[in-house]
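The primary structure of each chain is shown beneath.
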Amino acid sequence: MTETLHKTPLHALHVELGGKMVPFAGYDMPVQYPLGIMGEHKHCREQAGLFDVSHMGQARYVGDEAALEALLTCDLSEIGAGEQKYTLLPNEGGGIRDDLMVSRPDGNGIYLVVNAATKDADFAHIEAATTGKGTLTRIPERALLALQGPAAKDVMARLCPQACKMVFMQCGVFTLDGVEVMMSRSGYTGEDGFEISIPEADADRIARLLLAQDEVAAIGLGARDSLRLEAGLCLYGHDMDENRTAVEASLIWALAKTRRERGDFPGADVIAKQIEEKTCQKRVGLTLTGAPAREGAEIADKSGNIIGIVTSGGFGPTVNGPVAMGYVNRDFMAPGTEVDILVRGKPRAATITKLPFVPANFYRG
Amino acid sequence: MTTRYTEDHEWITVDGDIATVGITAFAAGQLGDVVFVELPEVGKTLAKGDEFAVVESVKAASEVYAPVDGEITAINDALEGEPAKVNEDATGEGWFVKIKLANAAQLEGLMDEAAYNAHTA
C-alpha cells in the first residue's frame, strides 16, 4: 500500500494555478507552473517570486539553550533578539545531518527551520538530546512562504512597511493582512527577500494577496533549485550529507569560531584535523558549454584520472548556460582550472568557477 | 507525406525515402523548457529503437529513440543556438534529424495521428 502524499495549506492554490505536481519529501508539490522553470527563475531575479516551502520543518525550542547548542555548530549567544543564523547539525564523524536556520524572532526561545526530507530525524535527534532540559515543539500548523527577488521589498513596503526595516538575516513578528506572522529577511535564492511563517488558516488568503501584486509570480521547486544553484548554495542530500564535512563543503563560516576553539560540537576533532591538514576535497563551481552536467557525473583531469564528482548540476537561466557544483581534489580547486566532466561517457571540457555564479543581492542596509 | 508516431513520443514524417524525425509537442510540453539537444553525426546508421539523441531540459535529460532503421542524412544545426525551437515548434522548426529509410514497411507498425492522440489522452 502506498502512503498518500502530504499536502501543504496551499495545495489547492497550486492546482488552481496549473502547477505540475510531483512528490517531494513526502509532499505533493509544484515543480513548475505554466510559466515554466526558465520563466519562473528569471521572474524571481527580475521581479519577485512566491515560493511555498511549507513542507520544511518549523519548530520552537524553549529551555536550556546549552543543551540545544551542543547539537549545532553556531554560538547561540551570538544570536540576539531579532537575529537569525545559518547553521549545521553535525554528526560524530564530522559529516552533516542537516543545514538549518535558527533565530530569535520573539522573546520565546529559539525558532528553527530545517529541511523537509530530514525534519523527522532532526527533531527526534534534538528531542532525544534535550530530554529534561528543554522542550522542542514542532509547528506543523503554520505555512512557510518565501517572497524573493529585487521587487520583494516594494511589495512588502505596501503590505508591511515595518518588515522593510529588517536587513539580511534579521527577523521578527509583524502584522500582514491583519494576521500576526513571523518573518525573516532571508531566503535561498541569492536575492533579497522574506520568509514568512503564517498560521495555516490564513496562508491561502495571504498567498493570493501576494500573488495579486503586479510584481509577484508563483515559483515552483524546479526554479527554486536553479536559483539556489546559481547562488552557489548547497542543497542538503546532494551537495552535503552525512559523509561530507563543513570543511569540504566550504562552510567553515557556519561553524562559530568560539565553538571551533572549544571543540564542543559533534565531529569537532575531525573538522579541526581537516582544517589543519588541508588535504580534503573541496566544493567548487563548474561551468561548461553544451550539455549540462548532472549530479553523479565524474570529474576528470585532462589525462582522464577521476578527481572529483558533480553533486548538483543543471542549466542556469540567468547564466544562460550549464552550471554545476561538485567536489574535486585540492590540486584542482582553483578557479580557472580546466577539467573534464564525463557526461554520458564522454569527457566535456569544464572550468572550475568561483561561486556564486550570479552575485548575491542581499539587503545589508 | 505521411506522419507517424511512436509510443515514446517521436514523430516521423516521410517524403519519398527520406524521413524527418522529431519529438511531439506533447513530449516537449512534458519536458519543459529545452536547453540543449545532443544530435548524432551525419552518416550514422541507426536501428529502430536505438537511442540517437538526447533532449535536455533545465532539470533532466531524456533519450530520443529511432522510430525506424536508416542512415542520418541531415541534422538540425539550428537547435544548437536555439534549443527553445523544440518547445516553440516541435513538429516544424524543432525537427531533429533526417533519415534515409532502410525499410519503409516499418512505418506501418507505428501509430497514426488518431491513435497517437488517443495514446496521449
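The structure reproduced in this document is the subject of the present report.

Parameters and conventions
- Residues numbered from 1 in each chain as written.
- Chains lettered and ligands numbered in written order.
- Predicted model: local features only at pLDDT ≥ 70, side-chain atom pairs only at ≥ 80, totals over all residues.
- Buried ≥ 20, exposed ≤ 12 C-beta atoms within 10 Å, placed from the backbone.
- Helix = DSSP H or I, 4+ residues; strand = E, 2+ residues; numbered from the N terminus.
- Arc of directions from axis to C-beta.
- Pairing = 2+ DSSP bridges.
- Axes fitted to C-alpha atoms, helices over the stretch in contact; angles between N-to-C directions.
- Contact = placed C-beta atoms within 7 Å.

1. Regarding helix 5 (residues 152–159) of chain A
Residues and elements named next belong to chain A. Those residues of helix 5 lying buried are Ala152, Val155 and Met156. The buried side chains of helix 5 occupy one side of the element, clustering within an arc of 95° when seen end-on. Of the residues in helix 5, the exposed ones pointing more than 90 degrees away from the buried face are Ala157 and Arg158.

2. Some thoughts on the sheet that holds strand 18 (residues 338–343) of chain A
Residue and element names in this part refer to chain A. Within the closed barrel, the six strands sit side by side as 14-17-16-15-18-19. Their pairing is antiparallel. Going across the sheet, the axis of each strand differs from the next one's by a mean of 45°, ignoring polarity. Relative to strand 19 (residues 346–353), strand 14 (residues 282–288) is paired through four bridges, and the arrangement is antiparallel. Bridge pairing in strand 19 places Gly285 opposite Thr353. On top of the sheet, helix 7 (residues 221–230) reaches strand 16 (306–316) and strand 17 (321–328); it is set at about 125° to strand 16, its chief contact.

3. With respect to the sheet that holds strand 12 (residues 193–199) of chain A
Residue and element names in this part refer to chain A. Strand order in this open sheet of six strands is 10-11-12-9-3-13, and the pairing throughout is mixed. Edge positions in the sheet fall to strand 10 (171–176) and strand 13 (216–218), since each of these pairs with one other strand and no more. On average, each strand axis in the sheet is tilted by 30° relative to the strand beside it, whichever way the strands run. With respect to the sheet, helix 2 (residues 36–46) is in contact with strand 3 (48–52), strand 9 (142–148) and strand 13, its orientation differing from that of strand 3 by roughly 120°.

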